[in-house]
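Structural characterization, general
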Amino acid sequence: MATTLLLKHIAVPGIKSLDVYRNMGGYASVEKALRTLTPNQVTEEVKKSGLRGRGGAGFPTGMKWGFLAKPEGVPRYLVCNADESEPGTFKDRYLMEHIPHALIEGMITSSYALGARKSYIYIRGEYFYVSRILQHAIDEAYAAGWLGENILGSGFSHDCYVQVGAGAYICGEETALLESLEGKRGNPRIKPPFPAVAGLWGCPTVVNNVETIAAVCPIITMGGEAYSKIGIGKSTGTKLISASGHINKPGVYEIELGLPVEEFIFSDAYCGGIRNGRKLKAVVAGGSSVPILPAELILKTAQGEPRLMSYESLAEGGFQTGTMLGSGGFIVMDDQTSIVKNLLTFARFYHHESCGQCSPCREGTGWMEKLISKFLSGTAHESDVDLLWDIQSKIEGKTICPLGEAAAWPVAAAIRHFKSEFLELARNKSYVEINHYKRLQPVS
Amino acid sequence: MKVTIDGISLDVPQGTTILQAARMIGPEVAPPTMCYYSKLKTSGGYCRTCIVKVTKGSNQNPNPIPKPVASCRTEVLDGMEVQNVTSSEVLEARKGVVEFLLINHPLDCPVCDQAGECHLQDLGYGHGAASSRYEFKRREYEMIDIGPHIKLHMNRCILCYRCVKTAEQITNGRVHGVMHRGDAAEISTYIEQALENDFSGNVIDVCPVGALTDKTYRFKQRVWFTKPMDAHRNCKTCSGQVRLWLKGEQVVRVTRAKMPGMKWSPLFAIHADLIIKKHRIGLLKVPLKFNGIRLYHKTITST
Ligand SMILES: Cc1cc2nc3c(=O)[nH]c(=O)nc-3n(C[C@H](O)[C@H](O)[C@H](O)COP(=O)(O)O)c2cc1C
Ligand code: SF4
Ligand code: SF4
Ligand code: FES
């Protein structure tokens with residue numbers, strides 16, 4: 001039986017409003033935390049739950065909260081990362097748009113645990129209409145006394161603000177986000193210091209993904225212990241998956257971690273199989289930056305075990321034969337998909353979104369895009385595959401922030417698993433149609 | 001704190017970066033740098049030329065750091081072990097960085113005023129490959145005048161942020177910065193507003209390449225035909241440490257003097273290495289028998 005926690009009441013009419021949300025048991029975690037638990041006990045529950053960051057890296061949330069520096073007399077902040085811009089990922093939007101109070105409730109409970117008087121939701125510029133939904137929810141929460149001074153007479157006061165970004169993917173990187181929130185150019189900071197020590201305005205700060213913060217509500221309500229029993233191994237709880245591509249039922253699904261990939265793709269409860277009766281070719285399992293896997297490796301690990309939707313199982317085999325759960329952007333491709341063409345879309349994205357601070361990413365992302373476009377213009381040579389491989393290897397790990405890796409990994413994986421497609425394009429010199437794309441031709 | 005770089009150990013005070021420690025050992029092990037400028041706060045970390053491999057984090061946590069680190073921005077921990085020239089991985093990665101820095105560079109050295117004192121030329125010479133694998137059109141920008149004395153040649157910029165930090169840290173009212181992002185990023189002043197501050201000329205000196213050049217000197221001379229001479233001018237506003245570039249008896253260019261190991265008066269602690277416009281422009285064309293100038297060294301051959 002599938003457990004749903006975050007999207008349990010998604011179908012309830014009017015769940016967007018505070019009244020309906022409250023009637024369905026909303027704000028119970030705030031009540032429980034403020035009335036019966038100390039901030040440290042809340043953190044303990046989150047530690048016990050085994051919750052891992054849902055923004056991409058999967059870092060244990062309780063541990064991250066534990067790292068937060070707590071010097072006397074210095075404010076601390078909670079910042080919610082709602083910049084969701086990774087191609088293929090749209091789960092945070094779905095949650096905020098339909099159940100905004102799930103995030104607001106999580107912000108209050110989490111802030112209580114961290115001792116944050118103020119918190120910020122940094123939302124991407126393109127989600128402007130969602131920011132209004134959130135603001136409306138915040139206004140409702142203030143009116144009902146869930147935000148503001150002395151919440152529930154507990155002595156804990158809290159203010160929550162929504163800040164709209166200007167539409168840059170890089171502002172999802174936590175330190176770039178903080179720079180942007182401070183009103184500066186969204187360039188990632190050089191770490192250390194980490195935000196837990198010097199974050200927003202130099203004060204200790206926790207940055208968490210929307211889904212991570214929302215998951216704190218069921219954890220506190222049901223207890224960390226109970227939450228940790230959901231899921232599999234170290235992948236506890238449920239995860240929102242944004243399913244897109246050539247499937248019958250694209251959309252956002254809440255799965256219990258540990259669900260077999262095969263079931264997720266083919267069962268009618270989820271993606272409902274490949275559309276138009278075609279065959280599965282490849283899957284990008286965790287948002288555009290994670291390595292693509294061919295059908296045989298996404299359904300089964302190299303050892304022949306069924307691949308599961310969990311942090312560990314998807315990573316099984318390392319990058320040679322595995323991938324990552326990432327942010328849960330699950331992109332399915334059928335047997336008619338050109339891997340190289342798809343790669344160009346990703347490469348163009350990372351080229352466009354690089355902040356330009358460090359040379360490997362600034363120069364390398366553009367170079368990779370141009371080289372990939374050569375394959376589709378019928379001007380590539382076979383040796384260009386090796387050049388492409390060399391360039392990605394010189395970006396990976398050499399940059400200030402992980403965008404460099406995010407740009408290099410998809411290229412590496414496409415070559416690793418689909419090299420023959422590159423070679424074929426280079427040999428046949430065929431021209432592949434790409435909509436609205438300005439080709440960059442070599443000059444010599 | 002004990003740190004070992006390429007097998008050579010030394011003791012350094014807390015807060016020393018790997019780069020500083022390596023420079024104490026000597027040029028054989030010191031990584032090359034492009035964006036780091038010792039006098040500026042928070043400079044470095046951008047170009048990635050100075051990356052090194054940390055094979056042992058510290059005595060406390062001996063694990064290696066998985067990715068190469070920017071030595072200019074990474075502080076030494078006790079017991080740290082670092083590989084620079086002894087690691088083929090580092091050398092290969094550095095070659096990659098040099099290539100990235102050069103793919104969009106116009107390589108117009110024959111007509112560039114910086115030629116001969118350009119960090120990128122030196123870097124390419126020392127660490128780069130002989131030919132380019134880049135076959136696409138290079139990035140091109142229009143040249144921009146920023147104020148009456150400074151020319152911005154964005155094609156040559158390597159986005160080291162040194163001029164940005166200089167402007168940020170010594171001029172008040174931020175008018176100089178980076179616009180756009182990725183490989184479309186460019187140095188700009190607020191709506192091409194002139195950099196009017198007295199200190200803004202210093203961005204010319206901190207620029208490691210020929211992107212910011214002195215308009216009074218453009219196309220006047222090749223630097224290797226001029227002779228540098230350090231001098232001092234009493235000044236209430238700045239350090240007054242100037243370097244005069246002579247063609248015969250004639251001063252053809254004035255830059256800040258860069259004299260390592262020199263003690264600056266505390267008054268000019270933040271402005272050490274920086275000079276104001278008055279000197280940069282005012283000392284030009286004056287014959288050597290001028291007043292108010294005290295010569296330090298007769299001539300300096302290396303710059
Ligand atoms: C280039 C880049 C973009 C990112 N974009 C997002 C994003 O849109 N949303 C998000 O939650 N995390 C994003 N992250 C991850 C954040 O840096 C950070 O790890 C995350 O917000 C931590 O939250 P979590 O621990 O709850 O996952 C991005 C990271 C990078 C390097
Ligand atoms: S890796 Fe790319 S996005 Fe990240 S800091 Fe460097 S240039 Fe900016
Ligand atoms: S103009 Fe010169 S100093 Fe400024 S960022 Fe470019 S290369 Fe660096
Ligand atoms: S000199 Fe260290 S990164 Fe540029």
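Placed above this text is the structure.
Notes on the structure in this doc start here. Quantities reported herein were computed from a predicted structural model and do not represent experimental measurements.

The rules behind the values
Residues numbered from 1 in each chain as written. Chains lettered and ligands numbered in written order. Predicted model: local features only at pLDDT ≥ 70, side-chain atom pairs only at ≥ 80, totals over all residues. Heavy atoms only, no water. Buried < 20%, exposed > 50% of the residue type's maximum accessible area, 1.4 Å probe, protein only. Helix = DSSP H or I, 4+ residues; strand = E, 2+ residues; numbered from the N terminus. Contact = heavy atoms within 4.5 Å. Near = heavy atom within 4 Å. Polar contact = N/O pair within 3.5 Å; in protein donor to acceptor, adjacent residues only side chain to side chain. Areas by Shrake-Rupley, 256 points an atom, 1.4 Å probe, with all protein chains shown as cover. Salt bridge = Lys/Arg side-chain N within 4 Å of Asp/Glu carboxyl O. Pairing = 2+ DSSP bridges. Axes fitted to C-alpha atoms, helices over the stretch in contact; angles between N-to-C directions.

**Side note on helix H8 (residues 174-181) of chain A**
Residue and element names in this part refer to chain A. Of all eight residues in H8, seven are buried, a share of seventy percent or more. Here H8 has its buried residues at Thr175, Ala176, Leu177, Leu178, Glu179, Ser180 and Leu181. Here the buried face of H8 lies against strand E1 (77-82), strand E2 (118-123), strand E3 (159-164) and strand E4 (205-209). Phi turns positive one or two residues past the end of H8, at Gly183, with a value near 95 degrees.

**Some remarks on the site of ligand 1**
All names here are of chain A. As a matter of local geometry, ligand 1 sits amid 18 residues, with Gly55, Asn81, Asn208, Asn209 and Thr212 nearest to it. Between Asn208 and ligand 1, the recorded distance is 2.9 Å, taken from a side-chain N or O atom to an oxygen atom. Alone, ligand 1 offers 610 Å² of accessible surface; in the complex the protein occludes 89% of this. Element by element, the count of residues in the shell around ligand 1 is highest for E4, at three residues.

**Notes on the pattern of salt bridges**
Note that side chains of opposite charge can pair when their charged atoms are close. Per the counting criterion, the structure on display carries 39 salt bridges over all chains. Put simply, Lys184 of chain A and Glu182 of chain A hold a salt bridge, and the shortest N to O gap is 2.7 Å. For Lys184 of chain A, a relative accessible area of 45% gives the class partly exposed. In this structure Glu182 of chain A comes out as buried when scored by relative accessible area, which is 17%. The closest approach of N and O atoms between Glu89 of chain B and Lys53 of chain B, which form a salt bridge, is 3.0 Å. Residue Glu89 of chain B is located in helix H2 (residues 88-103), and its partner Lys53 of chain B is located in strand E3 (residues 51-56); the two are separated by 36 residues in the primary sequence.

**Describing the sheet that holds strand E13 (residues 329-334) of chain A**
All names here are of chain A. Taken in spatial order, the five strands make up an open sheet running E8-E7-E13-E10-E11, and their pairing is mixed. Looking along the sheet, the strands with just one partner apiece sit at the ends: strand E8 (251-256) and strand E11 (292-294). If you compare each strand with its neighbour and ignore which way they point, the axes differ by 30 degrees on average. Bridging between strand E7 (residues 238-245) and E8 involves six bridges; their strand directions are antiparallel. Bridging across to E8, Ala243 finds its partner in Gly251. Here helix H5 (residues 91-98) sits on the sheet in contact with E7 and E8, set at roughly 115 degrees to E7. Helix H18 (residues 403-428) rests against strand E10 (280-284) and E11 of the sheet, and its axis sits at about 45 degrees to E11.

**What about the sheet that holds E4 of chain A?**
All names here are of chain A. Pairing in this open sheet of four strands is parallel, and the strands run E3-E2-E1-E4 from one edge to the other. Two strands lie at the open edges of the sheet, namely E3 and E4, each paired on one side alone. Within the sheet, the average angular offset between the axes of one strand and its neighbour, ignoring direction, is 20 degrees. Bridge analysis of E1 against E2 gives six bridges, and the strand direction is parallel.

Remember, this is a structural readout, not a statement about activity or role.
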